[in-house]
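Chain and residue survey
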Amino acid sequence: VFTSIFTVELALHLFAFWFWQFFTDGWLVFDFLVVIVSVLSLILKNLPGVSVLRLLRTFRVLRLFNKLSSLRTLINAVAASMIAVMNAFVMVALVSVVYAILGVELFSDRQPKLFGNFGNSYWTMFQISTFDGWVDKAESLSNSNDSQPVDPVVMIFMCTFIGIVCWVLLPVVVAVLLDNFVRAVNDEKNKLSHEKELLRMKGLNVSKVDHGNPLDPLLETLGRFRDSEDLTRRIKNLFQALDCDLGGTVDFQEIQEGLRKMEHLQPNIYISPDDYLRLTHGGSLCRHNGTGGGHLGPEEFELILRS
């Protein structure tokens, strides 16, 4: 029953988005693969390996990510963070490789089970990085007892590895993940906001190409200045009104929300992330560059409006 419902839904998606737009959307392609696997598992019941296809049908649960925008945003953000996180993991892996080679050279005779070859040594270093029995491993390498001190070579080997990998590099991995995750979430929110605004503008029969510069209504208001000092004062007051968090800078979201609330400006102003990048000259005027994430100070904000 569910397979039939999903098949009908897939056919409707193909008809609604046509083929090119359908296959350029990753979530729709995922739905397509899940439905195809489900249909094949029902038709080819006697085919060898069909049980594997039936197991793949469990991925239908993941289709919920495509239906719930909050889950879809989280998954897209995690996927966008993977490249930076993998780069950080490569550093951890390289340091572990170095210590695995040192372990083979130093301790293969003492503990061949732990450091007899590179594979065993790398697996041991991975276990130590999880703090799984690292004290027992250190004692077995030292052959220490109450009357014999710990081997200084083992002490240096273990302490430096734990300090570098566990206390420095692994927290770096988490920090990189969080930083890229927050940035990716903001990008996804900006993208969704842009899409909703485009739909709203389409429903009102308003097009962005109706005016060359999205800030034209605002510039028309600011254009009623007496002299340069008066214009600077007007721009400063506008900047303070947009600076919601009083941080001394404004970003894309603050400008977009602030201009949207200025209902006295007609037509209402909407700026997209692309508009923001164009106004900031590709982010070069931003103090923290990034798509939709750059911050503008009072000087940069005034420069944009004056230009």
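That block above? That's the structure.
Right, let's walk through the structure included here. (Residues numbered from 1 in each chain as written. Predicted model: local features only at pLDDT ≥ 70, side-chain atom pairs only at ≥ 80, totals over all residues. Heavy atoms only, no water.)

Another point: the overall build of the protein chain. Regarding its fold elements, the protein chain presents 14 helices and 0 strands. Along the protein chain, from the amino end to the carboxyl end, the secondary structure elements read α-α-α-α-α-α-α-α-α-α-α-α-α-α. Buried residues in the protein chain amount to 35% of all 307 residues. Of the contacts formed within the protein chain by residues at least 6 apart in sequence, a portion of 57% connects residues at least 24 apart. (Helix = DSSP H or I, 4+ residues; strand = E, 2+ residues; numbered from the N terminus. Buried < 20%, exposed > 50% of the residue type's maximum accessible area, 1.4 Å probe, protein only. Contact = heavy atoms within 4.5 Å.)

Attention now moves to the packing of aromatic side chains. Summed over the entire model, instances satisfying the criterion amount to 8 aromatic pairs. An angle of 20 degrees between the planes, with centres 5.7 Å apart, marks the rings of Trp123 and Phe126 as stacked. Of this pair, Trp123 and Phe126 both sit in helix α7 (residues 118-129), separated by 3 residues, roughly a single helical turn. By way of ring pairs, the aromatic residues Tyr99, Phe107, Phe115, Phe157 and Phe161 are connected into one cluster. (Phe/Tyr/Trp six-rings, centres within 6.5 Å; stacked < 30°, edge-to-face > 60°.)

Where side chains of opposite charge bring their charged atoms close, a pairing between them can arise. Inspection of the entire model under this criterion finds 3 salt bridges. A salt bridge links Asp230 to Arg233; the nearest nitrogen and oxygen atoms lie 2.5 Å apart. Separated by 3 residues within a single helix, Asp230 and Arg233 lie in helix α11 (residues 228-242), roughly one turn from each other. For Asp230, a relative accessible area of 3% translates into the label buried. For the salt bridge of Arg234 with Asp230, the shortest nitrogen-to-oxygen distance reads 3.1 Å. Placement of the pair is Arg234 and Asp230 together in helix α11, with a separation of 4 residues, close to one helical turn. Because the salt bridges share partners, they merge into one network encompassing Asp230, Arg233 and Arg234. (Salt bridge = Lys/Arg side-chain N within 4 Å of Asp/Glu carboxyl O.)

Formed by 23 residues in total, the largest nonpolar core has its most connected members in Leu238, Ile255, Leu296, Phe301 and Leu305. When residues of this core are traced back to their parent elements, those giving at least two are α10 (216-222), α11, α12 (252-261), α13 (273-279) and α14 (298-306). Top element by residues in this core is α11. It accounts for 5 residues. (Core = buried A, V, L, I, M, F, W, Y, C linked by side-chain atoms within 4.5 Å.)

Let's shift gears to the packing of α11 against α14. Running from amino to carboxyl end, α11 crosses α14 at an angle of 120 degrees, the nearest separation of the two axes being 10 Å. Our classification of the angle between α11 and α14 gives oblique. Between α11 and α14 the crossing geometry is right-handed. Contact residues: α11 offers Ser228, Leu231, Thr232, Ile235, Leu238, Phe239 and Leu242, while α14 offers Pro298, Phe301, Glu302, Leu305 and Arg306. Looking at side-chain class alone, the contact of α11 with α14 contains 8 nonpolar, 2 polar and 2 charged residues. (Axes fitted to C-alpha atoms, helices over the stretch in contact; angles between N-to-C directions. Parallel < 35°, antiparallel > 145°, perpendicular 65-115°, else oblique. Left-handed = near helix turned anticlockwise from the far one by under 90°. Nonpolar A, V, L, I, M, F, W, Y, C, P; charged D, E, K, R; others polar.)

This part covers the side chain of Asp251. Inspection of the secondary structure puts Asp251 in the loop between α11 and α12. In this structure Asp251 comes out as buried when scored by relative accessible area, which is 16%.

This part is about a nonpolar patch on the surface. A contiguous nonpolar surface patch, about 390 Å² in accessible area, is contributed by Val78, Met82, Met86, Phe89 and Leu177. Element by element, the count of residues in the nonpolar patch is highest for helix α5 (residues 69-107), at 4 residues. Structurally, Val78 can be placed in helix α5. (Patch = residues over 30% accessible without salt bridge, like charges linked within 9 Å, V, L, I, M, F, W, Y side chains within 5 Å. Areas by Shrake-Rupley, 256 points an atom, 1.4 Å probe, with all protein chains shown as cover.)

Next up on the list: empty space enclosed by the protein. Applying the stated criterion across every chain, the model contains 1 cavity of 30 Å³ or more. Roughly 100 Å³ of internal volume is contained in the largest cavity. Every residue lining the largest cavity is listed: Leu215, Leu218, Leu242, Ile255, Leu259, Ile271, Tyr276, Leu279, Leu296, Phe301, Ile304 and Leu305. Sorting the residues of the lining of the largest cavity by element identifies α12, α13 and α14 as the ones contributing at least two each. If you tally residues by element for the lining of the largest cavity, the top one is α14, at 3 residues. For the lining of the largest cavity, the class distribution of residues is 12 nonpolar, no polar and no charged. (1 Å grid on protein atoms, 1.4 Å probe; cavity = no way out; pocket = protein on both sides within 12 Å on 5 of 7 lines; lining within 4 Å. Points joined across faces, edges and corners; volume = space filled by probe spheres on them.)

In this fold, Ser81 is placed in helix α5. Not counting residues up to four positions away in its chain, the partners in contact with Ser81 are Leu177, Asn180, Phe181 and Ala184.

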